[in-house]
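Each chain, letter by letter, is given below.
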Amino acid sequence: MQYALLAEAFRLVDDDIASPQDVDVAVSQGLGLRWSFMGPFQTIDLNAPGGVKDYFQRYGKAISRVIKPMNNKRAWTPKTVKKI
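Residues numbered from 1 in each chain as written. Predicted model: local features only at pLDDT ≥ 70, side-chain atom pairs only at ≥ 80, totals over all residues. Heavy atoms only, no water.

Asks: Explanation requested: the overall build of the chain in the structure shown.
Replies: Along the chain, the regular secondary structure elements total 5 helices and 0 strands. Each helix (α) and strand (β) of the chain, taken in turn from the N terminus, gives the series α-α-α-α-α. For the chain, the spread of C-alpha atoms along the three principal axes comes to 35 × 30 × 20 Å. A burial count over the chain gives 18% of its 84 residues as buried. Once local pairs closer than 6 in sequence are excluded, the contacts in the chain between residues at least 24 apart make up 21%. Put simply, the chain shows about 7,000 Å² of open surface, and 59% of that area lies on carbon and sulfur atoms. Treating the 12 positive side-chain charges of the chain as one cloud and the 8 negative ones as another, the clouds have centres 17 Å apart. (Helix = DSSP H or I, 4+ residues; strand = E, 2+ residues; numbered from the N terminus. Buried < 20%, exposed > 50% of the residue type's maximum accessible area, 1.4 Å probe, protein only. Contact = heavy atoms within 4.5 Å. Areas by Shrake-Rupley, 256 points an atom, 1.4 Å probe, with all protein chains shown as cover. Lys, Arg positive; Asp, Glu negative; His and termini not counted. Charge placed at Lys NZ, Arg CZ, Asp CG, Glu CD.)

This is the structure:
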């Protein structure tokens with residue numbers, strides 16, 4: 001997972017979307033603080049009243065639109081959501 005985050009950080013800087021400092025701040029002052037005591041799936045479970053399934057019903061399409069230009073070819077499938 002560290003390499004996936006690092007690859008995305010490189011992409012953000014390379015595409016002039018964010019500076020290296022912006023990426024460091026976003027991770028260390030944003031996700032890093034939260035993820036130091038709960039993982040990403042625990043986080044999304046708390047972000048929707050009905051848990052993970054509700055989260056993907058509410059936000060899955062929007063997330064897919066955001067990540068599509070990032071060449072992430074994996075779709076949000078009910079099978080994966082159920083595993084989480």
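Asks: Can you help me understand helix 1 (residues 2-14) in this one?
Replies: Its 13 residues place the ends of helix 1 18 Å apart at the C-alpha level, agreeing with the 18 Å of an ideal helix rising 1.5 Å per residue. A positive phi of about 55 degrees marks aspartate 16, the residue just after helix 1. (Expected span 1.5 Å × (residues − 1).)

Asks: Could you clarify how one ought to interpret the pattern of salt bridges in this entry?
Replies: Opposite charge on two side chains allows them to pair when their charged atoms are near. With the rule as written, the count across this model stands at 3 salt bridges. As a salt-bridge pair, glutamate 8 and arginine 11 come within 2.6 Å of each other at their nearest N and O atoms. Of this pair, glutamate 8 and arginine 11 both sit in helix 1, 3 residues apart, which is roughly one turn of the helix. Among the salt bridges present, the one from aspartate 54 reaches arginine 58, with a minimum N-O distance of 3.0 Å. Taken together, the positions of aspartate 54 and arginine 58, both in helix 4 (residues 51-67) and 4 residues apart, correspond to about one turn of that helix. Aspartate 54 sits in the buried class, given a relative accessible area of 14%. By relative accessible area, which is 47% here, arginine 58 ends up partly exposed. Among the charged side chains, a salt-bridge network with shared partners connects Glu8, Arg11 and Asp15. (Salt bridge = Lys/Arg side-chain N within 4 Å of Asp/Glu carboxyl O.)

Asks: Explain a nonpolar patch on the surface here, please?
Replies: A contiguous nonpolar surface patch, about 390 Å² in accessible area, is contributed by Tyr3, Leu6 and Phe10. Its place among the elements puts tyrosine 3 in helix 1. Judged by relative accessible area, which is 66%, tyrosine 3 ranks as exposed. (Patch = residues over 30% accessible without salt bridge, like charges linked within 9 Å, V, L, I, M, F, W, Y side chains within 5 Å.)

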